[in-house]
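Observations on the three-dimensional arrangement
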Amino acid sequence: MANHKSAKKRIIQTIKKTERNRFYKTRIKNLTKAVKEAVEAGEVEKAQEAFKNANKKLHHFVSKGILKKNTAARKVSRLNKLVKELAQKSA
């Protein structure tokens, strides 16, 4: 265990940051999972709605500084590709 005041403070900050990061990491996984599950089930409207929600949230995380801009763009692009392929198959 840390003996210095600054080291104790760093431990507390690390714990808080870890919890915050875990929360957002889980949130991101759940958003992408919702889109992928809708695509696998073949539900076009549900997939489009989930994609719309994921797109909005991922870009919101960019503005909060949780994700980098290119990371969010890459994730959105990949999800969009899945949704468009499903829409073309069903049309």
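**Structural notes on the overall build of the chain**
In terms of helices and strands, the chain carries 3 helices and 0 strands. Ordered by position from the N terminus, the helices and strands of the chain form the series α-α-α. Relative to its length of 91 residues, the chain is extended, with a C-alpha radius of gyration of 18 Å against a globular reference of 12 Å. With respect to the three principal axes, the spread of C-alpha positions in the chain is 65 × 25 × 15 Å. Counting across all 91 residues of the chain, residues that qualify as buried make up 21%. At a minimum sequence separation of 6, the contacts of the chain that also span at least 24 residues come to 58%.

**Side note on the packing of aromatic side chains**
Under the definition given, this model contains 2 aromatic pairs. For the ring pair F23 and Y24, a centre distance of 5.0 Å and an interplane angle of 75° mean the geometry is edge-to-face. Geometrically, the ring pair formed by Y24 and F61 is edge-to-face, given 5.2 Å between the ring centres and 70° between the ring planes. On the criterion of sequence distance, the pair formed by Y24 in helix α1 (residues 5-41) and F61 in helix α2 (residues 44-64) is long-range, its members being 37 residues apart. Under the relative-accessibility criterion, F61 is labelled buried at 2%. Counting every residue linked through ring pairs, the aromatic cluster contains F23, Y24 and F61.

**A look at a nonpolar patch on the surface**
A surface patch of nonpolar side chains, about 350 Å² in accessible area, is lined by M1, I11 and I15. Inspection of the secondary structure puts I11 in helix α1.

**Details of α2**
It helps to recall that an α-helix has 3.6 residues per turn; residues three or four apart then point in one direction. Over its 21 residues, α2 extends 30 Å from the first C-alpha to the last, a length consistent with the 30 Å expected when each residue adds 1.5 Å. Among all positions in α2, only A47, A50, F51, A54, L58 and F61 are buried. The buried residues of α2 occupy one face: seen down the axis, they fall within an arc of 105°. Projecting away from the buried face of α2 at angles above 90 degrees are the exposed residues E45, E49, K52, K56 and S63. Each element contacted by the buried residues of α2 is listed here: α1 and α3 (69-90).

Rules used in this analysis
Residues numbered from 1 in each chain as written. Predicted model: local features only at pLDDT ≥ 70, side-chain atom pairs only at ≥ 80, totals over all residues. Heavy atoms only, no water. Helix = DSSP H or I, 4+ residues; strand = E, 2+ residues; numbered from the N terminus. Rg over C-alpha atoms; globule rule 2.2 N^0.38 Å. Buried < 20%, exposed > 50% of the residue type's maximum accessible area, 1.4 Å probe, protein only. Contact = heavy atoms within 4.5 Å. Phe/Tyr/Trp six-rings, centres within 6.5 Å; stacked < 30°, edge-to-face > 60°. Patch = residues over 30% accessible without salt bridge, like charges linked within 9 Å, V, L, I, M, F, W, Y side chains within 5 Å. Areas by Shrake-Rupley, 256 points an atom, 1.4 Å probe, with all protein chains shown as cover. Salt bridge = Lys/Arg side-chain N within 4 Å of Asp/Glu carboxyl O. Expected span 1.5 Å × (residues − 1). Arc of directions from axis to C-beta.

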